[in-house]
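Here is how the chains run, residue by residue.
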Amino acid sequence: NTILSAKDMNLLKGGIILAKNYGIIERYINPSNRRYEQMTDNLCCAYPKIYGITLDKEGQRLTNLMTLPHWEERMYKTFIENTKMTGYEEIACNGKDSDGNYYMVFCSPDIKMLREFIRGARAIENKERCRIICFDFQQDFIVGLAKDYCKIFTVKFDDYVKEIGADV
């Protein structure tokens, strides 16, 4: 067992959970018991971002996409270019538009952000204001988690890869 110092903890940029399917990743977002809840809370404290990726073909392609330079910034620019962050938002999100709609780009599979976004969306009266953008292969997972709290938009992964000229 290695315990990281506070200095070392600040160097961590994120963690990755690799799973056979999204059911395992869902346990992180909706812990079924106290043990899972403690485990996920500990992960949240340790990593600024936690990516959830499946071990299937789509997960492998997404992982390849994530190795490209500035992949996440490019994704945000593509999907939520006209949104702004004021520094403090009512809920954890990737952007907020001028109409007050909150956006979470799950194309970048940050399950820590997704967990916080859904928690915040549950507290907002107008569910149309909370919007999740995901790839087509993530849609069933997102709909199962957030359909009662958020409006969900789907992007075809192949179309996005073609648009940015990536070979993944």
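Going by the structure above, here's the rest.
Quick look at the structure, then. Just so we're clear, the structure is a prediction, and the values are computed from it rather than from any experiment. (Residues numbered from 1 in each chain as written. Predicted model: local features only at pLDDT ≥ 70, side-chain atom pairs only at ≥ 80, totals over all residues. Heavy atoms only, no water.)

### A few points about the packing of aromatic side chains
Right, so step 1: Scanning the entire structure with this criterion turns up 9 aromatic pairs.
Right, so step 2: Ring geometry for Phe135 against Phe137: centres 5.9 Å apart, planes inclined by 20°, an arrangement best described as stacked.
Right, so step 3: Of the aromatic side chains, those joined through ring pairs into one cluster are Phe79, Phe135, Phe137, Phe157 and Tyr160. (Phe/Tyr/Trp six-rings, centres within 6.5 Å; stacked < 30°, edge-to-face > 60°.)

### Looking at the state of the cysteines
Right, so step 1: With the rule as written, the count across this model stands at 0 disulfides.
Right, so step 2: Cysteine Cys130 is unpaired, with the sulfur of Cys150 as its nearest cysteine sulfur at 5.2 Å.
Right, so step 3: Its sulfur unpaired, Cys134 is 6.5 Å from the next cysteine sulfur, which belongs to Cys107. (Disulfide = S-S within 2.5 Å.)

### Structural notes on the pairing of strand E5 (residues 130-135)
Here is the key point about a regular strand: its side chains alternate between the two faces of the sheet.
Right, so step 1: The buried fraction of E5 is high, at 6 of 6 residues.
Right, so step 2: A two-sided burial pattern is seen for E5, the buried positions comprising Cys130, Ile132 and Cys134 on one face and Arg131, Ile133 and Phe135 on the other.
Right, so step 3: Crossover handedness for the path strand E4 (residues 102-105) to helix H6 (residues 111-123) to E5: right-handed.
Right, so step 4: Between E5 and its parallel partner strand E6 (residues 151-155), the chain crosses via helix H7 (residues 139-146), and the hand of that crossover is right-handed. (Buried < 20%, exposed > 50% of the residue type's maximum accessible area, 1.4 Å probe, protein only. Helix = DSSP H or I, 4+ residues; strand = E, 2+ residues; numbered from the N terminus. Right-handed = clockwise from strand over helix to strand, strands pointing away.)

### Comments concerning the packing of helix H4 (residues 57-66) against helix H8 (residues 157-164)
Right, so step 1: As a packed pair, H4 and H8 sit with axes 12 Å apart at the nearest point and diverge in direction by 25°. Judged by the inter-axis angle, H4 sits roughly parallel to H8. Remark: the crossing between H4 and H8 carries left-handed chirality. Counted together, Arg61, Leu62 and Leu65 of H4 and Phe157, Asp158, Tyr160, Val161 and Ile164 of H8 form the full contact between these two elements. (Axes fitted to C-alpha atoms, helices over the stretch in contact; angles between N-to-C directions. Parallel < 35°, antiparallel > 145°, perpendicular 65-115°, else oblique. Left-handed = near helix turned anticlockwise from the far one by under 90°. Contact = heavy atoms within 4.5 Å.)

### Observations regarding a negative patch on the surface
Right, so step 1: A contiguous patch of negative charge, built from Asp56, Glu58, Asp136, Asp159 and Glu163, is present on the exposed surface.
Right, so step 2: For Asp159, the location among the structural elements is in helix H8. (Patch = residues over 30% accessible without salt bridge, like charges linked within 9 Å, V, L, I, M, F, W, Y side chains within 5 Å. Areas by Shrake-Rupley, 256 points an atom, 1.4 Å probe, with all protein chains shown as cover. Salt bridge = Lys/Arg side-chain N within 4 Å of Asp/Glu carboxyl O. Lys, Arg positive; Asp, Glu negative; His and termini not counted. Charge placed at Lys NZ, Arg CZ, Asp CG, Glu CD.)

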